[in-house]
Amino acid sequence: MKLTVDRLHITLDRRPILRDVRLEAEKGDIVGLVGPNGSGKSTLLRTVYRSLRPAGGVVEVGGDDVWRLSARAAARRTAAVLQDTGAVTGLSVIETVALGRTAHHGLLGRDGAEDRRAVAEAVARCGVEPFADRDYATLSGGERQRVLLARALAQRPRLLVLDELTNHLDIRARFELLDLIRSTGITTLAVLHDLDLAARLCDHLVVLHEGAVVAAGPVLEVLTPDLLADVFGVRGRTERHPDGVVRLTYAARPLADGREAEPGR
Ligand SMILES: Nc1ncnc2c1ncn2[C@@H]1O[C@H](COP(=O)(O)OP(=O)(O)OP(=O)(O)O)[C@@H](O)[C@H]1O
């Protein structure tokens, strides 16, 4: 489903956190949300998965304002995978994945054949069968992230919202998970701190800086040397390699003073 964010304003504690934010993700697109610490990425995600009501502006999923849908109807469309807080749940992995079906349950709240199918499919797709019966709390960080993605996929969402999903993953697991997300074909909005990973995964990037969108578009057009210097304070460049993958290379040190630093330092 298409995601549209338009003229979004958020104020928290009387401080403007997001200002006139606009972005779009077409059906099936993977859009990366990047920006320095504190630029407003998680806050923006919260408005998209309907946990924070904006002071102004709209968030539309599939053409409907999420704040005009019931929480349940919105949850049938949008699944969020947030940073694992390490909470002790006492639930097994399979029970945790099954929580993804809650928004689809009927009045009796019981699992039906469709629920069981969705859970089994998500478990298989995310490779969590080997620890399906373990207590979620006993898993490693990387294993938990796979389970949280499985829970989101069990929801059969039309929009996936990801906040630093690859945090705990080793390099191979990162690529596997990113391939998995791409293979689902679900419209995705993903916060990624690793710009190189964002460049490889995403069709488009949206750059937030101090609560405003300062650039948006195809990766190569967005991650210019000027933007990397101005917004992230690093010297770097992006190129498309012969294998078709867009890669980002940085100089070893951050810029001391805008673009005044010596090349390559
Ligand atoms: N409940 C709140 N009350 C007041 N300020 C808040 C609240 N939540 C977030 N903020 C502030 O809003 C700003 C944006 O925070 P947010 O978590 O959205 O940034 P971020 O881009 O996700 O950062 P990071 O990359 O560090 O995770 C920060 O300055 C943060 O301190």
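On a predicted model such as this, the values are computed, not experimentally measured, just so you know.

A.B. asks: Kindly report on the sheet that holds strand 6 (residues 78-81), identifying the contributing residues and their values.
C.D. replies: Note on sheets: strands pair through backbone hydrogen bonds, and any given pair is parallel or antiparallel. Reading across the sheet, the six strands line up as 6-7-8-3-9-10 and stay open at both edges, with mixed pairing between neighbours. Strands at the two margins of the open sheet, each flanked by one partner only, are strand 6 and strand 10 (212-218). Looking at each pair of strands side by side, their axes are set apart by 15 degrees on average, direction ignored. Of the strands in this sheet, strand 3 (30-34), strand 6, strand 7 (159-163), strand 8 (187-191) and strand 9 (204-209) touch helix 1 (residues 41-48), which is tilted by about 150 degrees from strand 8.

A.B. asks: Break down the domain arrangement of the chain for me, citing the residues and quoting the values.
C.D. replies: Examined at the domain level, the chain breaks down into domain 1 (3-223) and domain 2 (229-265). The C-alpha centroid of domain 2 is placed 28 Å from the C-alpha centroid of domain 1. Across the boundary between the two partners, domain 1 contributes eleven residues, which contact eight residues of domain 2. Among the elements of the structure, helix 7 (195-201), strand 9 and helix 8 (219-222) are those that each provide at least two residues to the side of domain 1 that touches domain 2. For the side of domain 1 that touches domain 2, the element with the highest residue contribution is helix 7, accounting for four residues. Residue classes in the side of domain 1 that touches domain 2 are distributed as eight nonpolar, one polar and two charged.

A.B. asks: Account for the site of the ligand, with residues named and values stated.
C.D. replies: By nearness alone, every residue bordering the ligand is listed as L12, D13, I17, G35, N37, G38, S39, G40, K41, S42 and T43. Looking at the shell around the ligand residue by residue, the class counts come to two nonpolar, seven polar and two charged.

A.B. asks: Any details on the confidence of the model for the chain? Residues and values, ideally.
C.D. replies: Across the chain, the average pLDDT comes to 88, with 91% of residues at 70 or higher. Here the predicted complex carries an ipTM of 0.96, next to a pTM of 0.90.

A.B. asks: Run through the sheet that holds strand 1 (residues 3-12), naming residues and quoting values.
C.D. replies: A sheet is described by the order of its strands in space; here four strands give the open sequence 2-1-4-5, paired in antiparallel fashion. Of all the strands in the sheet, the pair left with one neighbour each is strand 2 (15-25) and strand 5 (64-65). Looking at chain direction, strand 4 (residues 56-61) and strand 5 are connected through two bridges and run antiparallel. Looking at strand 5, one finds that V61 is bridged to D64. Against the sheet, helix 1 engages strand 1, strand 2 and strand 4, with an angle of about 120 degrees to strand 1.

What counts and how
- Residues numbered from 1 in each chain as written.
- Predicted model: local features only at pLDDT ≥ 70, side-chain atom pairs only at ≥ 80, totals over all residues.
- Pairing = 2+ DSSP bridges.
- Helix = DSSP H or I, 4+ residues; strand = E, 2+ residues; numbered from the N terminus.
- Axes fitted to C-alpha atoms, helices over the stretch in contact; angles between N-to-C directions.
- Contact = placed C-beta atoms within 7 Å.
- Domains from an automatic or database assignment.
- Nonpolar A, V, L, I, M, F, W, Y, C, P; charged D, E, K, R; others polar.
- Near = placed C-beta within 6 Å.
- pLDDT = per-residue confidence, 0-100.

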